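Analysis of the macromolecular model
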Amino acid sequence: MFSYSETRNAKHETQNTFPMSENNFNNKFLHTPYSKPDAYGALSMPIYQNAAYEFATAEEMEAAFIGKIPEHTYSRITNPTVQHFESKIQTITGAFGVTALNSGMAAISNAIITLAKTGSNIITSKHLFGNTYSFFSSTMAAFGVETRFCDLTNIDEVESHIDANTCAVFLEIITNPQMEVVDLKALSAITKAAGVPLVADTTIVPFCAFKAKQWGINIEIVSSTKYISGGATSLGGLIIDYGNFNWISSPKLHVLSKEFGPAAFTVKLRKEIHRNLGAYMTPQVAALQSIGLETLSLRYERATSSCLNLVKRLETLTGVESVNYNGLESNHFYELSLSQFGKNPGAMFTFNLASREACFSFLNKLKLIKRATNLFDNKTLAIHPASTIFGPFTPELRQEMRVSDKTIRVSVGMEDVEDLFKDIEQAVK
Ligand SMILES: *Cc1c(COP(=O)(O)O)cnc(C)c1O
């Protein structure tokens, strides 16, 4: 049976009577109705800071536990505040099911464990977020799940790696720090033909600017710690299921798909995997990130336009060997990125200096920009990826991952762009 929060989310989407225009992203976020009227008419979803829920009768309790009625039972499984956050995202993305977890890594691990079993394989690239790489190559490998690393920009190579045991093709839409972009139309055409779900980490370009479903993505993963949280307020992760995949060809979900059709992934995730792994988002975080959503497109516009402004000027500075940003016309992926992500593809860029020593000296001279990891804080952050995020990997592996000792990564925040440029300029000197 499939009935509880997901179906309820889908229903109350239509409760709002104001005829909103099709692309009214901000209105949709701001005015997603509650699933039940609030007792006090609270204009912000209250934080339901409770573990369990009381029932009037044993019969009602039974019905809730088996999913016959859409009532909450325990906050590890569903919670009204988290569900409201999920339904806001469902409203704007048009997804079938949205699950909020307590970090981006929790979203990745929950999604992959929903799809993979011993003997299955995952196709991805070595150009991945460090923990995601380690999750595939160590954590999943220990359970007999093979990861086949290949060049995802080479569609023939991807196709030749797919077989009957392939449970997912996983990618990051803009890799970090390489800034590699895959042709999503071409990739999704072959995954669709092969009956393999396309799972994409879209953290770098949020759903206000990138419509994953239109590019054939089946499962979208977001670290909501980044843009969504509203300035690094909290950790979070999202699994967005577009309900656009036929799970009959999935090594793990084919039996469920006979009963649930395109809902099989979300049923498996919500009824088993996420309950057992126990990494559901907490209500305080959902409240913070709901506020973050309200200003998402505004912050994205500002940060990405500052980013483009900075990279253009950075290209002219002596001492800077190269600047890597998909929004620069000189970038190898410019056209592809423009078609998929628009003219401002995210607020992260990298640049190369002469050496590792020059990078360290640059970081040490920064006065306004913070030396820190993380992306899309309201503050601008800079890091030397090779010695930090990728520090645990061998130099050989870093080379294969194309993480250079000469690269600085910058995540652009909300500061006045003139000051940001001045800080970079004085630190490069
Ligand atoms: C940060 C990040 C993650 C991990 O998210 P957490 O919220 O830190 O667990 C995954 N993928 C990408 C692209 C990221 O930038």
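Report follows, based on the coordinates. Here the structure is a predicted model, which means the values were calculated and not measured. (Residues numbered from 1 in each chain as written. Predicted model: local features only at pLDDT ≥ 70, side-chain atom pairs only at ≥ 80, totals over all residues. Heavy atoms only, no water.)

**Some thoughts on the sheet that holds strand E5 (residues 198–201)**
- The mixed open sheet is built from seven strands, whose spatial order is E1-E7-E6-E5-E4-E2-E3. Each edge of the open sheet carries a strand with a single partner, namely strand E1 (97–101) and strand E3 (146–149). Direction aside, neighbouring strands of the sheet carry axes that sit 20 degrees apart on average.
- Bridging between E1 and strand E7 (residues 237–241) involves five bridges; their strand directions are antiparallel. Considered in E7, the bridge of Thr99 is made with Ile239.
- In this fold helix H4 (residues 80–93) packs onto E1 and E7, with an angle of close to 135 degrees to the strand it touches most, E1. (Pairing = 2+ DSSP bridges. Helix = DSSP H or I, 4+ residues; strand = E, 2+ residues; numbered from the N terminus. Axes fitted to C-alpha atoms, helices over the stretch in contact; angles between N-to-C directions. Contact = heavy atoms within 4.5 Å.)

**Description of the site of the ligand**
- Every residue near the ligand is listed here: Ser103, Gly104, Met105, Phe129, Asp201, Thr203, Ser223, Thr225, Lys226, Gly236 and Leu375.
- Between Ser223 and the ligand, the recorded distance is 2.9 Å, taken from a side-chain N or O atom to an oxygen atom.
- Between the ligand and Thr225 there is a distance of 2.6 Å, counted from an oxygen atom to a side-chain nitrogen or oxygen.
- Protein chains bury 91% of the 380 Å² of accessible surface belonging to the ligand in isolation. (Near = heavy atom within 4 Å. Polar contact = N/O pair within 3.5 Å; in protein donor to acceptor, adjacent residues only side chain to side chain. Areas by Shrake-Rupley, 256 points an atom, 1.4 Å probe, with all protein chains shown as cover.)

**Quick word on the sheet that holds strand E10 (residues 370–371)**
- Strand order in the open sheet formed by five strands is E8-E9-E12-E11-E10, and the pairing between neighbours is mixed. Each edge of the open sheet is held by one strand with a lone partner, namely strand E8 (322–324) and E10.
- Sheet analysis places strand E9 (residues 348–352) next to strand E12 (residues 407–411), joined by five bridges and oriented antiparallel. Within the sheet, the bridge partner assigned to Phe351 lies in E12 and is Ile408.
- The sheet contacts of helix H14 (residues 356–365) involve E9, E10, strand E11 (381–383) and E12, and relative to E12 the element is tilted by about 30 degrees.

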